[in-house]
Amino acid sequence: MKKLKNIPHPHDRAFRTAMSDKRVAQDFFTHYLPPAILAKADLRTLQLRKESYISADLQLVMADVLYEVAWKTSASHKADKAFFYVLVEQQTKPDKLMPWRFLDYTCQIIKQHLKEAPHQSLPVVIPLLFFNGSNKYPYTTSLWELFGEHQDIAKTFMFEQFQLIDISQVPDQTIRQHRWSALLEMLMKHITSRHILTYLDQLHDNLHMLVQANADAYILAMLKYTLQQANLESTQAFFDYIKRCLLPEP
């Protein structure tokens, strides 16, 4: 029998049609999801989502299937759910950056979820890539390995806990030791204080260093910010301070 011609993306169509049958999807996920996920996810609650998260330039080479599922431990809570996101790849040359693309798609799924349920917790999204190339898939499935020799740093500091700089908890004495960034940090910390000039005066040495270093744009931006946002007791006192502290003596 001859193959039917002129059917665009036959693999994609076949995969999507098959996975649209909940019974096929349940069996598929039973065989290919990690045991830890299967232990928590109630596959009886699978619901096919119609949204597409593939960018236009990839639609010619990939099909996507998105299923929503409830966790067994929280079947009574509609907010507590997960998503299984399956891509089928037909590219002649597999995408080396697929873990990065999965991250992008995952963020899009979560973004849509938050539009629908803005006050609920973030859903778990499990990505799966269905590859039926003629040879073994040649690239990493790990996002971290895309960072090469810096993957340990990426794993420790990216996509985990972000680095928090709570300036309200940084002592003024510590800020004054920061030389270049001290002016920025001190103003941001105390901008609402009626005694902002007192805090600025603590940076006398820092300001002189900045003047000598010709950091005029930086200084002017910070002074303009102070004038616009600070709760100054006296604008004239502010200008007097600038003349006294920043302008060269005659």
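Right, let's walk through the structure included here.

What counts, and at which threshold
Residues numbered from 1 in each chain as written. Predicted model: local features only at pLDDT ≥ 70, side-chain atom pairs only at ≥ 80, totals over all residues. Heavy atoms only, no water. Helix = DSSP H or I, 4+ residues; strand = E, 2+ residues; numbered from the N terminus. Polar contact = N/O pair within 3.5 Å; in protein donor to acceptor, adjacent residues only side chain to side chain. Contact = heavy atoms within 4.5 Å. Phe/Tyr/Trp six-rings, centres within 6.5 Å; stacked < 30°, edge-to-face > 60°. Buried < 20%, exposed > 50% of the residue type's maximum accessible area, 1.4 Å probe, protein only. Lys NZ or Arg CZ within 6 Å of the ring centre and 35° of its normal.

## Topic: the side chain of Lys81
Okay, so step 1: You can see Lys81 is positioned in strand 3 (residues 81-89).
Okay, so step 2: Of note is the side chain of Lys81, whose polar atom sits 3.5 Å from the side chain of Glu68.
Okay, so step 3: With residues near it in sequence (within four places) discarded, Lys81 still touches Arg49, Glu68, Val69, Ala70, Trp71, His113, Pro123 and Val124.

## A few points about the packing of aromatic side chains
Aromatic ring pairs are reported here in terms of the distance separating the ring centres and the angle at which the planes meet.
Okay, so step 1: As enumerated under the stated definition, the model contains 14 aromatic pairs in all.
Okay, so step 2: An angle of 50° between the planes, with centres 5.0 Å apart, marks the rings of Phe28 and Tyr32 as tilted. In this pair, Phe28 and Tyr32 both sit in helix 2 (residues 22-32), four residues apart, roughly one turn of the helix.
Okay, so step 3: Given the relative accessible area of 55%, Tyr32 is considered exposed.
Okay, so step 4: Among the aromatic residues, those joined into a cluster by ring pairs are Phe15, Phe28, Phe29, Tyr32, Tyr67, Phe84 and Phe130.
Okay, so step 5: Over the ring of Trp71 we find Lys40, and its NZ or CZ is 5.1 Å from the ring centre.

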